[in-house]
Amino acid sequence: MKPILIFLFVFTCKFVFSAQIPQALIKHADTTPVDIRKNHLLLSKYLAAPCESPQEKVLVFSYWIAKNIRYDLKEVKTNKRNKIAREVLENRKAVCGGYSALFAQLCKNEKIQCYYITGYAYGHFLKKLFAEKSLAHAWNIVYLNDEWKLIDVTWCIDLVRTSEFKKNRELKWIFMDPKEFAETH
């Protein structure tokens, strides 16, 4: 009877995958020297220094970007192009394309295979049906431990600023299960 209950539990639960960033990496990222914050080469080298694996590098890059780059509401309304990594670091603001470009550049600097993905982010059914152009979005995919992992740094912005994050240090949109990710992207 017990094996049947375990089997039913495993196959009826919806698992939420999220990545937990070590407290030491948060402290390191939060003390990034001001003089390197505008240079993606120096920034990636500094952030990656205490990391023990490519996964930790991805986590610290995601955290730093979400915490330090503001979402640019003006650009959403007026500018049709996405910024490159250098522009994002200079202005300290971007839309999803800029977040994804900066993340991809930091990964490239550390020789982590990463791609910039464009598509649509879906929410409510009517928004999806009537406003597809306004739902354009960008995110990333990285290759770690012989697997492709999905990353959406833009959607981590609000998460990083919550008390819940401070308590459990989980980044929901990093390494999320592809089926769950596909429900919104």
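As a reminder, the structure under discussion sits directly above these lines.
What you see is a predicted model, and the numbers here were worked out from it, not measured in a lab.

## A closer look at unusual backbone geometry
Now for step 1: With phi around 60 degrees, Lys111 is a residue other than glycine that occupies positive phi space.
Now for step 2: With a relative accessible area of 75%, Lys111 lands in the exposed category.
Now for step 3: Located in the positive-phi region is Asp146, a residue other than glycine, with phi close to 65 degrees.

## Considering the nonpolar core
The nonpolar side chains of soluble globular proteins are, as a tendency, buried together.
Now for step 1: Counting 41 residues, the largest nonpolar core has Val58, Ile65, Phe103, Val142, Ile174 and Phe175 as its most contacted members.
Now for step 2: The biggest single contributor to this core is helix 4 (residues 54-68), with eight residues.

## Side note on helix 7 (residues 96-109)
Now for step 1: Its 14 residues give helix 7 an end-to-end C-alpha distance of 20 Å, which sits within 8% of 20 Å, the value for a rise of 1.5 Å per residue.
Now for step 2: Of all 14 residues in helix 7, twelve are buried; the element is thus mostly enclosed.
Now for step 3: What helix 7 keeps buried is the set Cys96, Gly97, Gly98, Tyr99, Ser100, Ala101, Leu102, Phe103, Ala104, Leu106, Cys107 and Asn109.

## Re the sheet that holds strand 4 (residues 114-120)
Now for step 1: Taken together, four strands build an open sheet; the order of strands is 4-5-6-8 and the sheet is antiparallel. Two strands bound the open sheet, and with one partner strand each, they are strand 4 and strand 8 (174-176). On average, each strand axis in the sheet is tilted by 45 degrees relative to the strand beside it, whichever way the strands run.
Now for step 2: Sheet topology places strand 6 (residues 147-151) next to strand 8; two bridges connect them, and they run antiparallel. Looking at strand 8, one finds that Leu150 is bridged to Met176.
Now for step 3: Sheet strands in contact with helix 4 are strand 5 (136-144), strand 6 and strand 8, and its direction is about 110 degrees off that of strand 8.
Now for step 4: Its contacts with the sheet put helix 7 on strand 4, strand 5 and strand 6, and the angle it makes with strand 5 is roughly 15 degrees.

Rules used in this analysis
- Residues numbered from 1 in each chain as written.
- Predicted model: local features only at pLDDT ≥ 70, side-chain atom pairs only at ≥ 80, totals over all residues.
- Heavy atoms only, no water.
- Buried < 20%, exposed > 50% of the residue type's maximum accessible area, 1.4 Å probe, protein only.
- Core = buried A, V, L, I, M, F, W, Y, C linked by side-chain atoms within 4.5 Å.
- Helix = DSSP H or I, 4+ residues; strand = E, 2+ residues; numbered from the N terminus.
- Expected span 1.5 Å × (residues − 1).
- Pairing = 2+ DSSP bridges.
- Axes fitted to C-alpha atoms, helices over the stretch in contact; angles between N-to-C directions.
- Contact = heavy atoms within 4.5 Å.

As far as function goes, none of this settles anything; it's purely spatial.
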